[in-house]
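As a plain string of letters, each chain reads:
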Amino acid sequence: EGKLLESGGASVQAGGSLTLSCRVSEDRAGRYCLAWFRQRAGFKREAVASHERFEDRDGTVSYRESVKGRFTITRDDADNTVYLQMTMLKPEDTAMYYCAADRYDCGLLPEERYVYWGQGTQVTVPS
C-alpha cells in the first residue's frame, strides 16, 4: 500500500557527513516500522538501522554495530519522512542505501521481513 522514495545519496569524502531522506506516500508513515538497509557490490543487503513506530509501539531504535555512534535514524511522522544522518563516513559505508517499511516486523532483520521498499540511493565514500 505505502510507497517509499529515498533521496540524498552522494559522493562524500571520508570523515564527512550526509543525510538521507525517505518519503512515505499513499499511506501514513506512522503506521509502519521504518528502516534503512544498504547493499555493497557483491554483498547481501544488510539492515543498518530501524525505528519502530510510535503508534501502539514504543519507537525503539536499533543500529548495526558498525554504524553505532556515527549514524542516527529519526522519523518525522507528521511529514511522512524518515532520515538517516550519517557522520564520520568511511569507505566501507559505500553502498546503495534503501528505505524499507513494514506493518508488523521491526529491527535489524533480513530483508525478507520487510514488505515495502524504495528504489535506493547511492552513497559513495572514496578511499
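Quick note: structure is the one above.
Being a predicted model, the structure only gives us computed values, none of them experimental. (Residues numbered from 1 in each chain as written. Predicted model: local features only at pLDDT ≥ 70, side-chain atom pairs only at ≥ 80, totals over all residues. Heavy atoms only, no water.)

Visitor: What should I look at first to understand the state of the cysteines in this one?
Guide: Where two cysteines share a covalent bond between their sulfur atoms, that bond is called a disulfide. What the rule picks out here adds up to two disulfides. Through a disulfide, Cys22 is tied to Cys99; the S-S separation comes to 2.2 Å. Measuring the twist about the S-S bond at about -85°, one finds the Cys22-Cys99 disulfide to be left-handed. Of this pair, Cys22 sits in strand β2 (residues 18-25) while Cys99 sits in strand β8 (residues 95-102), and the two are 77 residues apart along the sequence. Assigned by exposure class, Cys22 and Cys99 land together as buried. (Disulfide = S-S within 2.5 Å. Helix = DSSP H or I, 4+ residues; strand = E, 2+ residues; numbered from the N terminus. Buried < 20%, exposed > 50% of the residue type's maximum accessible area, 1.4 Å probe, protein only.)

Visitor: Help me out: how do you make sense of the packing of aromatic side chains in this one?
Guide: Working definition: an aromatic ring pair is given by the centre-to-centre distance plus the angle between the planes. For the coordinates displayed, the defined rule picks out five aromatic pairs. When the centroid spacing of 6.4 Å and the interplanar angle of 80° are considered together, the rings of Tyr98 and Trp117 count as edge-to-face. In this pair, Tyr98 is assigned in strand β8 and Trp117 in strand β9 (residues 116-117), connecting sequence segments 19 residues apart. In this structure Trp117 comes out as partly exposed when scored by relative accessible area, which is 22%. Note on Tyr114 and Trp117: the rings are 6.4 Å apart at their centroids and 70° apart in plane angle, and the pair reads as edge-to-face. If you follow Arg45 out to its NZ or CZ, it ends over the ring of Tyr98, 3.7 Å from the centre. The lysine or arginine in question, Arg45, covers the ring of Trp117, its NZ or CZ lying 5.0 Å from the ring centre. (Phe/Tyr/Trp six-rings, centres within 6.5 Å; stacked < 30°, edge-to-face > 60°. Lys NZ or Arg CZ within 6 Å of the ring centre and 35° of its normal.)

Visitor: Explain the pairing of strand β1 (residues 3-7) here, please?
Guide: Side chains on a regular strand alternate between the two faces of the sheet. In β1, alternate side chains face the same way, and those of Leu4 and Glu6 are buried while those of Lys3, Leu5 and Ser7 on the opposite face are not. Direction of pairing for β1 relative to β2: antiparallel, over a ladder of five bridges. The partner of Leu4 across the bridge, within β2, is Val24. (Pairing = 2+ DSSP bridges.)

Visitor: When you look at the pattern of salt bridges in this model, what are you seeing that I'm missing?
Guide: Opposite charge on two side chains permits pairing when their charged atoms draw close. Following the criterion strictly, the structure yields 11 salt bridges and no others. Arg28 is the salt-bridge partner of Glu55, the closest N and O atoms lying 2.6 Å from each other. One end of the pair, Glu55, is in the loop between β4 (46-51) and β5 (61-63); the other, Arg28, is in the loop between β2 and β3 (33-39), and 27 residues separate them in sequence. We classify Glu55 as partly exposed; its relative accessible area is 32%. Notably, a salt bridge pairs Arg75 with Asp77, separated by 2.9 Å at the nearest N-O pair. Classification of Asp77 as partly exposed rests on a relative accessible area of 24%. Through salt bridges with shared partners, one network takes in Arg38, Glu46, Arg64, Arg70 and Asp93. (Salt bridge = Lys/Arg side-chain N within 4 Å of Asp/Glu carboxyl O.)

Visitor: Would you mind showing me how to read the side chain of Arg38 here?
Guide: Along the polypeptide, Arg38 turns up in strand β3. At 3.5 Å, the side chain of Arg38 and the side chain of Ser66 are in polar contact. At 3.0 Å, the side chain of Arg38 and the side chain of Tyr97 are in polar contact. (Polar contact = N/O pair within 3.5 Å; in protein donor to acceptor, adjacent residues only side chain to side chain.)

Visitor: Whenever I open this one, unusual backbone geometry confuses me. Can you help?
Guide: The phi torsion of most residues other than glycine is negative, and most of the peptide bonds are trans. The phi torsion at Asp56 lies on the positive side, around 65°, for a residue other than glycine. Relative to the elements of secondary structure, Asp56 occurs in the loop between β4 and β5. Judged by its relative accessible area of 66%, Asp56 is exposed. Look at Met88: it is not a glycine, yet its phi comes out positive at around 50°. Among the structural elements, Met88 can be located in the loop between β7 (81-86) and β8.

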